[in-house]
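Geometric and topological summary
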Amino acid sequence: MADERKILHALLDRAGTTYAEQAGIGMKDTPAPLYRLLVLSVLLSTRIKADIAVDAARALADAGMGTPQKMRAASWQDRVDALGRASYKRYDESTATALGEGADLLHREYGDDLRRLRDRADGDPARVREALTAFPRLGPVGAGIFCREAQDVWPSLRPAIDEKALDGARRVGLPADARELARLAPGPELAPVAAALVRVALDRSPAEEVRGAT
């Protein structure tokens, strides 16, 4: 247990930035950051490098599309242009369409407030993930990303540690079990743990640094 906690501390030191934090999203249980996380999850769902998806989420927010109201008010070309500035290529046009349709769906079904989705699902993780997949281009993988990043502001989702994160746990010698990883966490926040595990699953360099440090 002590060795595993040492590994986890080293992991968080090297890779414990959440994707939301990297995208400049200050996570709170309020509509705007939750919407920006939804957009980020859509962007991360495609076969594109995570850093490009994060940059694209920032670019959309910097262009004034950080709320569903502003996303709807923007033109399709505005969305394409913002994605292009972040080099979010190949998927820019289809994603621009999906983001517009997703903003419409959020307004129609939940009054622009994702907390209503959570409440309608009674906070149940499986029902939340299923409801999220109704958003265009947000399949099970994207819904998992959203839950992983939102779990510290929506505690009913915890522990949201998906298969990609468990791959990272195996790579650095931690237990591939969500509840055991939650018990090893040094504090109440699990989103940084899950993000760090995903990062080492995707990139061997931080995984090697963690193993070298421990």
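Small disclaimer: the values here were computed from a predicted structure and weren't measured. (Residues numbered from 1 in each chain as written. Predicted model: local features only at pLDDT ≥ 70, side-chain atom pairs only at ≥ 80, totals over all residues. Heavy atoms only, no water.)

The next thing to look at is the overall build of the chain. Helices and strands together make up the secondary structure of the chain, namely 14 helices and zero strands. When the helices and strands of the chain are placed in sequence order, the string is α-α-α-α-α-α-α-α-α-α-α-α-α-α. Overall, the chain is about 55 × 40 × 25 Å in size when its C-alpha atoms are taken along their principal axes. Within the chain, the fraction of its 214 residues that count as buried is 50%. Taking the intrachain contacts of the chain between residues at least 6 apart in sequence as the baseline, contacts between residues at least 24 apart amount to 64%. In the structure as shown, the chain presents an accessible area of about 9800 Å², 46% of it carried by carbon and sulfur atoms. (Helix = DSSP H or I, 4+ residues; strand = E, 2+ residues; numbered from the N terminus. Buried < 20%, exposed > 50% of the residue type's maximum accessible area, 1.4 Å probe, protein only. Contact = heavy atoms within 4.5 Å. Areas by Shrake-Rupley, 256 points an atom, 1.4 Å probe, with all protein chains shown as cover.)

Right, let's get into the pattern of salt bridges. Overall, the coordinates contain 11 salt bridges when judged by the stated rule. With a shortest N-O distance of 3.7 Å, Arg 120 and Glu 109 are connected by a salt bridge. Of this pair, Arg 120 sits in helix α8 (residues 114-120) while Glu 109 sits in helix α7 (residues 92-110), placing them 11 residues apart in sequence. What makes Glu 109 partly exposed here is its relative accessible area of 35%. (Salt bridge = Lys/Arg side-chain N within 4 Å of Asp/Glu carboxyl O.)

A few words on the nonpolar core. By size, the foremost hydrophobic cluster in this structure holds 76 residues, and its most contacted members are Leu 114, Leu 132, Phe 135 and Leu 174. If one sorts the elements of this core by residue count, helix α3 (residues 31-44) sits on top with nine residues. Sequence-distant contacts of Leu 174, defined by excluding residues within four places in its chain, comprise Glu 4, Ile 7, Leu 8, Leu 11, Ala 169, Leu 181, Leu 184 and Leu 197. (Core = buried A, V, L, I, M, F, W, Y, C linked by side-chain atoms within 4.5 Å.)

Turning our eyes to something else, we now look at the environment of Ile 52. Mapped onto the elements, Ile 52 comes out in helix α4 (residues 50-62). Residue classification places Ile 52 among the partly exposed residues on the basis of a relative accessible area of 23%. For the pair Ile 52 and Ser 87, spaced 35 residues apart in sequence, the C-alpha to C-alpha distance is 6.8 Å. Not counting residues up to four positions away in its chain, the partners in contact with Ile 52 are Ala 86, Ser 87 and Tyr 88.

Let's shift gears to the packing of aromatic side chains. For the structure on display, the rule yields one aromatic pair. The positively charged end of Arg 199 is found above the aromatic ring belonging to Tyr 19, 4.0 Å away from the centroid. (Phe/Tyr/Trp six-rings, centres within 6.5 Å; stacked < 30°, edge-to-face > 60°. Lys NZ or Arg CZ within 6 Å of the ring centre and 35° of its normal.)

So, about unusual backbone geometry. The linkage connecting Arg 158 with the following residue, Pro 159, adopts the cis geometry, with an omega of -5 degrees. In this fold, Pro 159 is placed in the loop between α10 (140-150) and α11 (163-172). Of note, the phi angle at Ser 87 is positive, near 60 degrees, even though the residue is not glycine. Mapped onto the elements of the fold, Ser 87 is located in the loop between α6 (76-85) and α7.

Bringing the packing of α6 against α7 into the picture now. For the pair α6 and α7, the least separation of the axes is 9 Å and the interaxial angle reads 130 degrees. Compared by their axis directions, α6 and α7 come out oblique. For the crossing formed where α6 meets α7, the hand is right-handed. In contact with Trp 76, Arg 79, Val 80 and Leu 83 of α6, α7 contributes Asp 92, Glu 93, Thr 95, Ala 96, Thr 97, Leu 99 and Gly 100. Partitioning the contact of α6 with α7 into residue classes produces five nonpolar, three polar and three charged. (Axes fitted to C-alpha atoms, helices over the stretch in contact; angles between N-to-C directions. Parallel < 35°, antiparallel > 145°, perpendicular 65-115°, else oblique. Left-handed = near helix turned anticlockwise from the far one by under 90°. Nonpolar A, V, L, I, M, F, W, Y, C, P; charged D, E, K, R; others polar.)

With that settled, consider α10. Burial of α10 is extensive: nine of the 11 residues sit out of reach of the surface. The set of residues buried in α10 consists of Gly 142, Ala 143, Gly 144, Ile 145, Phe 146, Cys 147, Arg 148, Glu 149 and Ala 150. Its buried side turned inward, α10 meets α2 (19-22), α3, α8, α9 (125-132) and α13 (191-202).

For the rest of this paragraph, the subject is the packing of α3 against α4. Remark: α3 packs on α4, axes separated minimally by 9 Å, with the N-to-C direction vectors making an angle of 140 degrees. Note on packing geometry: the crossing formed by α3 with α4 is right-handed. Contacts between α3 and α4 involve Arg 36, Val 39, Leu 40, Leu 43 and Leu 44 on the former and, on the latter, Ala 50, Ala 53, Val 54, Ala 56, Ala 57, Leu 60 and Ala 61. Taken together, the residues that form the contact of α3 with α4 break down as 11 nonpolar, no polar and one charged.

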